[in-house]
Amino acid sequence: MSNANWRIGVAGLGTVGSGLIDLVTARPRFSPTGDTCVVSGVSARSRGARRSVDMSGLAWFDNPVDLARSPETDVFVELIGGAEGPAREAVEAALRLGKPVVTANKALIAAHGQELAALAEAQGTPLLFEAAVMGGTPAVKMLREAMVGDEVEAVAGILNGTCNYILTQMEASGRSFAEVLAEAQALGYAEADPTMDVGGFDAGHKITILAALAFGCAPTLVAAEIEGVDTIELLDIRLAKDLGYRIKLVASAVRTGSGISVRVHPALTPLDHPLARVDGVLNALFIHGRKIGRIFIQGAGAGAGPTAAAVAADIADVMAGARRPVFQAPAGSLKAFTPVSAADAIGRAYVRLLVRDEPGVIASISEVLAEAGVSIDSFLQKPVEGAGGVPIVLTTHVAPEATIARAVAAMAALPVLLTPPRVIRIAGV
Ligand code: HSE
């Protein structure tokens, strides 16, 4: 095999784009094929922005579509982000010309993965996105390639470092969500507009992609039920810990008898569970395979170096002649998820009530649960200074989620309740 020069066009020069240019400059022959990688051109929103890497000598394109179409671009690397606009237009332009595309864009793949895969496959060109999920930690290749001999039953993990940092800091420092978020923004860990992260949407994009790879379906974002960490109170973090749990934002995709459940939500995770021990900005993922059992990976989910390394691994696959369907079957034959119907969903829940401290309160709560047919696993009444009432916390045994919801609605109507009940699921992974 004679070694070749591969010219990459890099659109988007934020943390990951700059990290990739650093990597390629320092190690242009990172590919096991011995081929050389050179950056031929770049594109970003603002040419004048201060950047950590030297752009002189690189061809500049105001429009990423022009970079994608340039005859000097052999592989188009999209690091702009966003499901629509310039990122989508430039990726489509490259694929239409039969050029390989490497992207870190989870929103784009979660929203338009099937149609982009169809375009790539019609042109016989790769579309790769390892860096879109868990940054530098190789979750996509593991599911797409290493697990195909097995049948995946479930994937579940911590896929957003910003949320995990906030929850870890709230517990460690005893500060509120708003205080820790403000600090994370000042330190540059959280975006000025944190909605994508703290609202659970970033993790929703990532679990949508992993679910598609795990179960051979089309990526369908609408299938995901998404709840973020922005409603988590310090009181619940403390009470959960007293009961032996840590609250984590868990993204999961599980195959059940009636369909596939894809969700992102805060969950009480037992303190001795590996997910409970994933602290700070780290990401982690469980994969349950029918034959292999449980695999657990943990690592950097963001950052210039780790994410650029994942992009480079995809570029190396292009150089080695990657030729497989983008997902687990040709794009045209990928079916949509069959979501589990709400009536079939089962689970356990933590319910926190703030009540007036008077006789008969616990009896009335027990009566509501008994009438609904929900069995209590643990019960804790714990006076907390400044709580403005007495917090009562209970955890349920496994029950239909709809039944638990009906019981909670009945509790909410009790006159002794001072605030609406707070319900958080207990992790079932
Ligand atoms: N914003 C993401 C996170 C990293 O906080 O994990 C990029 O996907």
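No experiment lies behind these values; they were computed from the predicted model shown.

## Let's talk about the packing of helix H5 (residues 139-146) against helix H9 (residues 201-215)
Piece 1. At a minimum axis separation of 8 Å, H5 and H9 run at an interaxial angle of 15°. In terms of their interaxial angle, H5 and H9 are classed as roughly parallel. Judged by the twist between their axes, the crossing of H5 over H9 is left-handed. Contact residues: H5 offers Ala139, Val140, Leu143 and Arg144, while H9 offers Leu210, Leu213 and Ala214.

## Comments concerning the sheet that holds strand E1 (residues 5-11)
Piece 1. Pairing within the open sheet is parallel, and its six strands lie in the order E3-E2-E1-E4-E5-E6. Single-partner strands in this sheet number two, and they are strand E3 (59-61) and strand E6 (127-128).
Piece 2. Helix H1 (residues 15-26) contacts E1, strand E2 (36-43) and strand E4 (75-78) of the sheet and is inclined by roughly 145° relative to E2.

## A short note on the packing of helix H6 (residues 161-173) against helix H10 (residues 234-242)
Piece 1. For the pair H6 and H10, the least separation of the axes is 10 Å and the interaxial angle reads 75°. Here H6 is positioned roughly perpendicular relative to H10, judged by the angle of their axes. Within the contact between the two elements, H6 uses Leu167, Met170 and Glu171 and H10 uses Leu234, Ile237 and Lys241.
Piece 2. Residue composition of the contact of H6 with H10, grouped by class: four nonpolar, no polar and two charged.

## Re unusual backbone geometry
Piece 1. Backbone geometry at methionine 134 places phi at a positive 65°, although glycine is not the residue there.
Piece 2. Given the relative accessible area of 0%, methionine 134 is considered buried.

## As for the domain arrangement of the protein chain
Piece 1. Each domain of the protein chain was delimited in the assignment, giving domain 1 (5-135 + 307-333), domain 2 (139-298) and domain 3 (346-426).
Piece 2. A separation of 26 Å is found between the C-alpha centroids of domain 1 and domain 2.
Piece 3. Each side of the interface is counted separately: domain 1 has 19 residues, and domain 2 has 25 residues.
Piece 4. For the pair domain 1 and domain 2, the summed buried surface comes to about 1900 Å²; carbon and sulfur atoms form 67% of the total.
Piece 5. Of all residues in domain 1, the largest losses of buried area upon contact with domain 2 belong to Val133, Met134 and Gln328, amounting jointly to 35% of the total for that side.
Piece 6. Here domain 1 is connected to domain 2 by three salt bridges.
Piece 7. Between lysine 106 and aspartate 202 there is a salt bridge whose closest N-O contact spans 3.4 Å.
Piece 8. Between domain 1 and domain 2 we count 10 residue pairs in polar contact (both at pLDDT 80 or more) in total.
Piece 9. Contributions of two or more residues to the side of domain 1 that touches domain 2 are made by helix H4 (106-123) and helix H11 (304-319).
Piece 10. Looking at the side of domain 1 that touches domain 2, the element that brings in the most residues is H4, giving six residues.
Piece 11. Looking at the side of domain 1 that touches domain 2 residue by residue, the class counts come to 11 nonpolar, three polar and five charged.

## So, the pairing of strand E10 (residues 259-270)
Piece 1. Summarising burial for E10: 11 of the 12 residues are buried, a large majority.
Piece 2. With 12 bridges joining them, strand E9 (residues 245-256) and E10 adopt antiparallel strand pairing. Residue pairing in the sheet places valine 250 in a bridge with histidine 265 of E10.
Piece 3. In this structure, the hairpin formed by E9 and E10 is closed by a connection of two residues.
Piece 4. Of the pairings in the sheet, the one linking E10 to strand E17 (residues 422-426) comprises two bridges and is parallel in character. Of the residues in E17, the one forming a bridge with leucine 268 is isoleucine 426.

## Concerning the side chain of aspartate 35
Piece 1. Mapped onto the elements, aspartate 35 comes out in the loop between H1 and E2.
Piece 2. The buried charged residue aspartate 35 lacks any salt bridge, with arginine 29 as its nearest oppositely charged partner at 7.2 Å.
Piece 3. A distance of 3.1 Å separates a polar atom in the side chain of aspartate 35 from a polar atom in the side chain of tryptophan 6.

## Concerning the site of the ligand
Piece 1. The environment of the ligand is made up of Lys106, Asn160, Gly161, Thr162, Asp197, Asp202, Lys206 and Ala302.
Piece 2. Taking lysine 106, its side chain carries an N or O atom lying 2.6 Å from an oxygen atom of the ligand.
Piece 3. At 2.7 Å from an oxygen atom of the ligand is found a main-chain nitrogen or oxygen belonging to glycine 161.
Piece 4. In isolation the ligand offers 260 Å² of accessible surface; the protein chains occlude 79% of this area.
Piece 5. Those elements giving two or more residues to the shell around the ligand turn out to be H6 and H9.
Piece 6. Here the residues of the shell around the ligand sort into one nonpolar, three polar and four charged.

Procedures and definitions
Residues numbered from 1 in each chain as written. Predicted model: local features only at pLDDT ≥ 70, side-chain atom pairs only at ≥ 80, totals over all residues. Heavy atoms only, no water. Axes fitted to C-alpha atoms, helices over the stretch in contact; angles between N-to-C directions. Helix = DSSP H or I, 4+ residues; strand = E, 2+ residues; numbered from the N terminus. Parallel < 35°, antiparallel > 145°, perpendicular 65-115°, else oblique. Left-handed = near helix turned anticlockwise from the far one by under 90°. Contact = heavy atoms within 4.5 Å. Pairing = 2+ DSSP bridges. Nonpolar A, V, L, I, M, F, W, Y, C, P; charged D, E, K, R; others polar. Buried < 20%, exposed > 50% of the residue type's maximum accessible area, 1.4 Å probe, protein only. Domains from an automatic or database assignment. Buried area = accessible area lost by both parts, 1.4 Å probe. Salt bridge = Lys/Arg side-chain N within 4 Å of Asp/Glu carboxyl O. Polar contact = N/O pair within 3.5 Å; in protein donor to acceptor, adjacent residues only side chain to side chain. Lys, Arg positive; Asp, Glu negative; His and termini not counted. Near = heavy atom within 4 Å. Areas by Shrake-Rupley, 256 points an atom, 1.4 Å probe, with all protein chains shown as cover.

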